[in-house]
Amino acid sequence: MMHMTFYWSRNVTLLFSSWQTDSWISYALTLLACFIFSIFYQYMEDRRLRFKLLSTSAASTNTNGTAVDATPLLNKKIIAGSSRWSVGRVAGAVLFGINSAIGYFLMLAVMSFNGGVFVAIVVGLAVGYLLFRSGDDEQVVVVDNPCACA
């Protein structure tokens, strides 16, 4: 039976029909997996944003005042003559895809409407944000799209 309201039970089916909990131990392990997966999501988002910042700040100046390519491997063109297919852009797209997949899996897990799963994911996201994204070095924020869902 699919729940349409939040319920608090150790019996939950999560993401796949084969991922079912029927004991307190399996339920606790499921909550731990949700918690760790949520922390990993914040870690990957931090890596993606740092990579984006690194690849966009490709030119810097050296002591002589001349421009030097700070990230030569990220600016290498995959297809000659094309500025759209640099290694940095492709790697950034791959990181974005992985992070989007993780985010959708977390959303679908919350849509199981189990209260414990919801709490484990929200607390995991908060802990991951605290560990990886709330540092003092967050002065520059990369914004591709002002939309909150992007």
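The present account deals with the structure reproduced in this document. All residue numbers refer to position in the chain's written sequence, counted from 1. pLDDT decides what is reported in this predicted model: residues at 70 or higher carry local features, side-chain atom pairs at 80 or more are listed and counted, and totals for whole chains, interfaces and linings draw on all residues regardless. Excluded from the side-chain calculations are hydrogens and water; all other atoms, namely the structure's heavy atoms, are used.

1. Quick look at the overall build of the protein chain
Under the DSSP-based scheme used, a helix requires at least four consecutive residues in state H or I and a strand at least two consecutive residues in state E, with every element numbered from the N terminus. In terms of helices and strands, the protein chain carries 3 helices and 2 strands. In sequence order, the protein chain lays out its α and β elements as α-β-β-α-α. Categorising residues by exposure relies on relative accessible area from a 1.4 Å probe, with only protein chains included: less than 20% of the type maximum marks a residue as buried, more than 50% marks it as exposed, and the intermediate range marks it as partly exposed. Here the protein chain holds 150 residues, and 26% of them are scored as buried. Pairs of residues are marked as contacts when any of their non-hydrogen atoms sit within 4.5 Å. Pairs at least 24 residues apart make up 58% of the contacts formed inside the protein chain by residues separated by at least 6 positions. Shrake-Rupley sampling with a 1.4 Å probe provides the accessible areas, and residues are treated as covered by the protein chains on show and by no other component. For the protein chain, the computed accessible surface area is about 10,100 Å², with 66% contributed by carbon and sulfur atoms.

2. What about helix α2 (residues 87-110)?
The end-to-end C-alpha separation of α2 is 35 Å, in line with the 34 Å expected for 24 residues at 1.5 Å each. Taken together, the buried positions of α2 are G88, L95, N99, I102, L106 and A109. Against α1 (24-56) and α3 (115-133) lie the buried residues of α2. Multiply 1.5 Å by the residue count of a helix minus one, and that product is the helix's expected span.

3. Regarding the environment of V127
Inspection of the secondary structure puts V127 in helix α3. The class for V127 is partly exposed, based on a relative accessible area of 27%. Expressed as a C-alpha distance, the spacing of V127 and I36, which sit 91 residues apart in the sequence, is 9.7 Å. Those residues in contact with V127 that lie beyond four places of it in its chain are F35 and I39.

4. Overview of the nonpolar core
What we call a nonpolar core is a set of buried Ala, Val, Leu, Ile, Met, Phe, Trp, Tyr and Cys residues that are connected through their side-chain atoms within 4.5 Å. The biggest cluster of nonpolar side chains holds 15 residues, and the ones touching the most others in it are L14, L31, C34, A109, V117 and I121. Of all elements in the fold, only α1, α2 and α3 reach the threshold of two or more residues within this core. Here this core takes 5 residues from α1, the largest share from any one element. What A109 contacts, discounting residues up to four positions off in sequence, is L14, L15, V117 and I121.

5. A word on the pattern of salt bridges
We define a salt bridge as a side-chain nitrogen of Lys or Arg found within 4 Å of a carboxyl oxygen belonging to Asp or Glu. One pass over the full model with this rule turns up 3 salt bridges. In this structure, R48 and E45 form a salt bridge, with 2.9 Å as the shortest nitrogen-oxygen distance. With R48 and E45 both in helix α1 and 3 residues apart, the pair spans about one turn of that helix. Overall, the relative accessible area of 12% leaves E45 in the buried class. One salt bridge connects D46 with R47, and the closest N-O pair in it is separated by 2.8 Å. According to the relative accessible area criterion, R47 is partly exposed, its value standing at 35%. A single network of salt bridges, built from pairs that share partners, joins D46, R47 and R50.

Remember that the coordinates give geometry; whether it matters functionally is a separate question.
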